[in-house]
Amino acid sequence: MAETCRQVFNVIGLNANRMALEWASAAEGPRFVELITKYVARIRELGPLGSLEGEAPKEVLERRLEAALKAAETPKVRTAYGNVAKKLHETRDFAVYTPERISQEVADRILPTFRQELLSHDVLLCLAEAKDQGKKTCSSGELMDLTGASSEELDKLLSALAKKGVIEGEAAGWSLKEPACAGHADRKGE
Amino acid sequence: MTQEGFNPHILGFFCHWCCYAAADAAGVARYQYPPNVRVIRVMCTGRIDFRFILEGFRCGADGVFTGG
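Residues numbered from 1 in each chain as written. Chains lettered and ligands numbered in written order. Predicted model: local features only at pLDDT ≥ 70, side-chain atom pairs only at ≥ 80, totals over all residues. Heavy atoms only, no water.

K.L.:
Is there a simple way to think about the overall build of chain B in this case?
P.N.:
Along the backbone of chain B there are two helices and three strands. Reading chain B from its N terminus to its C terminus gives the helix and strand order β-α-β-α-β. If you line up chain B on its principal axes, its C-alpha atoms span 35 × 35 × 15 Å. Scored against the burial criterion, the 68 residues of chain B give a buried share of 49%. Once local pairs closer than 6 in sequence are excluded, the contacts in chain B between residues at least 24 apart make up 76%. (Helix = DSSP H or I, 4+ residues; strand = E, 2+ residues; numbered from the N terminus. Buried < 20%, exposed > 50% of the residue type's maximum accessible area, 1.4 Å probe, protein only. Contact = heavy atoms within 4.5 Å.)

K.L.:
Looking at this model, I keep getting lost on the interface of chain B and chain A. Mind explaining?
P.N.:
Interface size is commonly expressed as the accessible area that is lost once the parts come together. Contact with chain B, which involves 40 residues of that partner, is made by 44 residues of chain A. Each partner contributes to the roughly 3,700 Å² buried at the junction of chain B and chain A, and carbon and sulfur atoms together form 72% of this total. When the area that chain B buries against chain A is broken down by residue, the three leading residues are Phe-50, Leu-54 and Arg-58 of chain B, summing to 20%. For the pair chain B and chain A, the number of links is two salt bridges. (Buried area = accessible area lost by both parts, 1.4 Å probe. Salt bridge = Lys/Arg side-chain N within 4 Å of Asp/Glu carboxyl O.)

K.L.:
Help me understand helix 2 (residues 29-46) of chain A in this model?
P.N.:
Three- or four-residue spacings in an α-helix give side chains the same orientation, since the helix completes a turn every 3.6 residues. The terminal C-alpha atoms of helix 2 of chain A, which comprises 18 residues, lie 26 Å apart, in line with the 26 Å expected from a rise of 1.5 Å per residue. Those residues of helix 2 of chain A that fall on the buried side of the exposure criterion are Gly-29, Phe-32, Val-33, Leu-35, Ile-36, Tyr-39, Val-40, Ile-43 and Leu-46 of chain A. Along helix 2 of chain A, the residues classed as buried sweep out an arc of 165 degrees about the axis, all on the same side. Contacts made by the buried residues of helix 2 of chain A are with strand 1 (19-22) of chain A together with strand 1 (10-15), helix 1 (19-28), strand 2 (37-42) and strand 3 (63-67) of chain B. One or two positions beyond helix 2 of chain A, positive phi appears at Gly-47 of chain A, with a value near 85 degrees. (Expected span 1.5 Å × (residues − 1). Arc of directions from axis to C-beta.)

K.L.:
Whenever I open this one, the sheet that holds strand 1 of chain A confuses me. Can you help?
P.N.:
The strands making up a sheet are joined through hydrogen bonds of the backbone, oriented either antiparallel or parallel. Taken together, four strands build an open sheet; the order of strands is 1(A)-3(B)-1(B)-2(B) and the sheet is parallel. Each edge of the open sheet is held by one strand with a lone partner, namely strand 1 of chain A together with strand 2 of chain B. Each strand axis lies, on average, 15 degrees off the axis of its neighbour in the sheet, ignoring direction. Relative to strand 3 of chain B, strand 1 of chain B runs parallel, the two being bridged by five bridges. (Pairing = 2+ DSSP bridges. Axes fitted to C-alpha atoms, helices over the stretch in contact; angles between N-to-C directions.)

K.L.:
Help me understand the packing of helix 3 (residues 58-72) of chain A against helix 2 (residues 50-58) of chain B in this model?
P.N.:
Packed helices, taken two at a time, are described by the angle their axes make and the gap between the axes. For the pair helix 3 of chain A and helix 2 of chain B, the least separation of the axes is 9 Å and the interaxial angle reads 160 degrees. Looking at the two axes, helix 3 of chain A sits roughly antiparallel to helix 2 of chain B. In terms of crossing hand, the pair formed by helix 3 of chain A and helix 2 of chain B is left-handed. Residues Glu-62, Leu-65, Glu-66, Ala-68, Leu-69 and Ala-72 of chain A of helix 3 of chain A form the contact with helix 2 of chain B, whose own contacting residues are Phe-50, Arg-51, Leu-54, Glu-55, Phe-57 and Arg-58 of chain B. (Parallel < 35°, antiparallel > 145°, perpendicular 65-115°, else oblique. Left-handed = near helix turned anticlockwise from the far one by under 90°.)

So this is what it looks like as structure tokens:
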């Protein structure tokens, strides 16, 4: 769980040190105090969200987190996550639960799926944002700057989304297709 | 780059049986610790999903601390 988070944070440009997973038993009050004090000092050092070198600005982070959240809920990502857990469990060997192995499995089996879903939601959010600002279309170049994706990746994704009928347009300008939401289309059919 | 007067918003997910009890014990024993953590008690650390942490950051937390 923590490893997935860390790797996703690297993708969206959030410093993974902002997240901590620590253990303190019920009897370890003093240890807890020490952990919390150290952690708060660390966050103070890092500064507010999005202010750090190598971190994306706050608005971008917020949009990407929103996309990540949507991506995390997709069946594809959930399945990938479950499959890794199952695979490790089926070895019946506790020795496989090493940080290196888990990190490897997450990078190989969860992250590619997650990244793709994240990107697709990010593109949709970008287009929705552009629309709210009164901009009719977004070119592939603009989307590339906004999402930080490579051009091949983005081209593939855009054509897939266009095929699904969620967006329309071509390389020069993409926009959300009207009616944008599925609920809208359903109502039409009634 | 420590900032003067920056009070981070930190979200804490604490296990009811471990960290939460430890925090309670620390309180009873009158230990001092920074008040920046807003605690959400969960019945077990295993309940926590990566969505919770993403959501925490999206809602504007500067850090998320999970204590088991």
